[in-house]
Amino acid sequence: MKKVYLDNAATTMISGEVLQTMMPYLTNIYGNSSSLHSFGRESVAGVDSARDIIAKYIGAKSSEVFFTCGGTEANNWAIRGVAYANISRGKHIIVSQIEHASIIDSCKQLEKEGFKVTYLPVDSTGLVSVSDLLHEIKPTTTIVSVMAVNNEIGTIQNIKAISEIVRFYGAYFHVDAVQALGCFPLNVDDLGVDLMSISSHKIHGPKGAGALYVRSNVKINKFMFGGEQEMNRRGGTVNVPAIVGFGKAVELNARDIAFKDKKMYELTSYFIKKIEYEIPNIKINGNPYQKVNNIVSVTFNGVEGENLLMLLDLKGIAVSTGSACASGSLEKSHVLKAIGLTDSEIRGTVRFSFDTTNTKDEIDYVVRTLCDEVAKLRKASPVKQKKKGN
């Protein structure tokens, strides 16, 4: 049986080059990077090197890059840290309706603590309306957070246009760029962002390492207490091997990004063309023009997505029905709901996310399997299929 992994938006396989770079820090170089002796200095040199690599890639100063345990922590720190550090200015926050759960849930908690949060709607392709932002932003707004790339449908936001509005009103602009990091170059000055979250395991680095970029003039509270690590911004023993791997993953991603984008475009175009030809009554979600090339969200009319996911898994094919962070939740995807899908359409939506290791032969196998399994599920479904044109 073939094994085909199409859930790369959830996590990627660690690359051999990254693992090779990490190995000395998992074996011989094991000192605590906060220690002053030679063992500690060896470890901190690896951390500092990774920080320099990441800072260079995003166009930042090394002193503006702070390591976290991942994108979720970075997002929590950005929202809560800025909200409380700037409470004298106001208690208003703006985020989009399709942000990652780490942003949405942080904002829900802040609402319980007395903050006012505006959740910007999106259009049917997942784009935030600049006019809606203009209508909602006010002098008491302290932070606006809009993700660069949505992790479920792949839509790319108009970050530069949004940043100009936020800057005009004097608020801080945070971007969750976790899903964008491996897709296109990121430069904080070009984008006009004040804070940006990124993560290692989306670009063939290890899990357990992320970073928050914080522009030097941003007022933000310390988020993790317990030590003076990360320039006294984030307490806790530093995960040296993972951070070293993160730096190497960013370096390799910068080297290979043009090749990766071309390969992803070829693979996903081939996949979309085949499923649209082979399987009736489907819908591709997301913006057709502003979209990353590695994520394809497909709604199969008259099919329960979780049933399809399990049947594909039995055939060795790994896909997702949405964000991995929402796995196990009984609530329907807030992203798909925000773009206007009905409950039945949401239940019938599956996310396919690709990597350069995937092949056209694998796609052929996946499409053949989809044809068979979707037909079986539709035949067994009590819901009659709508014919095209109805």
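Residues numbered from 1 in each chain as written. Predicted model: local features only at pLDDT ≥ 70, side-chain atom pairs only at ≥ 80, totals over all residues. Heavy atoms only, no water.

Among the nonpolar cores identified, the biggest contains 65 residues, and Leu133, Phe173, Val193, Met196 and Phe246 are the most heavily contacted of them. For this core, the element with the highest residue contribution is helix H9 (residues 240-278), accounting for nine residues. Not counting residues up to four positions away in its chain, the partners in contact with Phe246 are Ile54, Phe67, Leu181, Ile198, Ser199, Ser200, Ile203, Pro206, Ala209, Gly210 and Ala211. Ranked by size, the runner-up nonpolar core spans 25 residues in total, among them Leu308, Ile317, Phe354 and Val374. (Core = buried A, V, L, I, M, F, W, Y, C linked by side-chain atoms within 4.5 Å. Buried < 20%, exposed > 50% of the residue type's maximum accessible area, 1.4 Å probe, protein only. Helix = DSSP H or I, 4+ residues; strand = E, 2+ residues; numbered from the N terminus. Contact = heavy atoms within 4.5 Å.)

Let us look at the sheet that holds strand E8 (residues 210-214). Ordered in space as E2-E8-E7-E6-E5-E3-E4, the seven strands form an open sheet in which the pairing is mixed. The outermost strands of the open sheet, each flanked by one partner alone, are strand E2 (65-68) and strand E4 (116-120). Strand-to-strand twist of the sheet, defined as the mean angle between neighbouring strand axes without regard to direction, takes the value 20°. Note: strand E3 (residues 92-96) against E4, five bridges, orientation parallel. What sits directly across from Ile93, in E4, is Val117. (Pairing = 2+ DSSP bridges. Axes fitted to C-alpha atoms, helices over the stretch in contact; angles between N-to-C directions.)

Turning to helix H13 (residues 360-380), a few remarks are in order. The terminal C-alpha atoms of H13 lie 30 Å apart, and with 21 residues this matches the ideal 30 Å at 1.5 Å per residue to within 8%. Glu362, Ile363, Asp364, Tyr365, Val366, Val367, Thr369, Leu370, Glu373, Val374, Leu377 and Arg378 are the residues of H13 that are buried. (Expected span 1.5 Å × (residues − 1).)

The element E8 is largely enclosed, with a buried count of five among its five residues. Neither face of E8 is open: one carries Gly210, Leu212 and Val214, the other Ala211 and Tyr213, and all of them are buried. Note that E2 and E8 share four bridges and pair antiparallel. Directly across from Thr68, in E8, lies its bridge partner Gly210. Direction of pairing for strand E7 (residues 195-199) relative to E8: antiparallel, over a ladder of five bridges. Each residue of the ladder has a partner; that of Leu195, found in E8, is Val214.

As a further point, take the packing of helix H1 (residues 16-26) against H9. Taken N-terminus to C-terminus, the directions of H1 and H9 make an angle of 155°; their axes are 8 Å apart at the nearest point. What the angle tells us is that H1 and H9 run roughly antiparallel. The hand of the H1/H9 crossing is right-handed. Along its contact with H1, which presents Glu17, Val18, Thr21, Met22, Tyr25 and Leu26, the element H9 presents Val240, Pro241, Ala242, Val244, Gly245, Lys248, Ala249, Leu252 and Arg255. Tallied by class, residues from the contact of H1 with H9 come to ten nonpolar, two polar and three charged. (Parallel < 35°, antiparallel > 145°, perpendicular 65-115°, else oblique. Left-handed = near helix turned anticlockwise from the far one by under 90°. Nonpolar A, V, L, I, M, F, W, Y, C, P; charged D, E, K, R; others polar.)

With five of five residues buried, strand E5 (residues 141-145) is to be regarded as a mostly interior element. The pairing of E3 with E5 spans four bridges and is classified as parallel. Paired with Val95 across the bridge in E5 is Ser145. Taken together, the three bridges between E5 and strand E6 (residues 172-176) define a ladder with parallel strand orientation. Residue Val144 lies in a different strand from E6, and its bridge partner there is Phe173. Between E5 and its parallel partner E6, the chain crosses via helix H6 (residues 159-168), and the hand of that crossover is right-handed. (Right-handed = clockwise from strand over helix to strand, strands pointing away.)

Now for the packing of aromatic side chains. According to the stated counting rule, one finds seven aromatic pairs in the structure shown. Aromatic pair Phe271 and Phe352: ring centres 4.9 Å apart, planes at 55°, arrangement tilted. Taken together, the positions of Phe271 in helix H9 and Phe352 in strand E12 (residues 349-353) put the pair 81 residues apart, joining distant regions of the chain. Judged by relative accessible area, Phe271 falls into the buried class, the value being 0%. (Phe/Tyr/Trp six-rings, centres within 6.5 Å; stacked < 30°, edge-to-face > 60°.)

These values are about where atoms sit, not about what they do.
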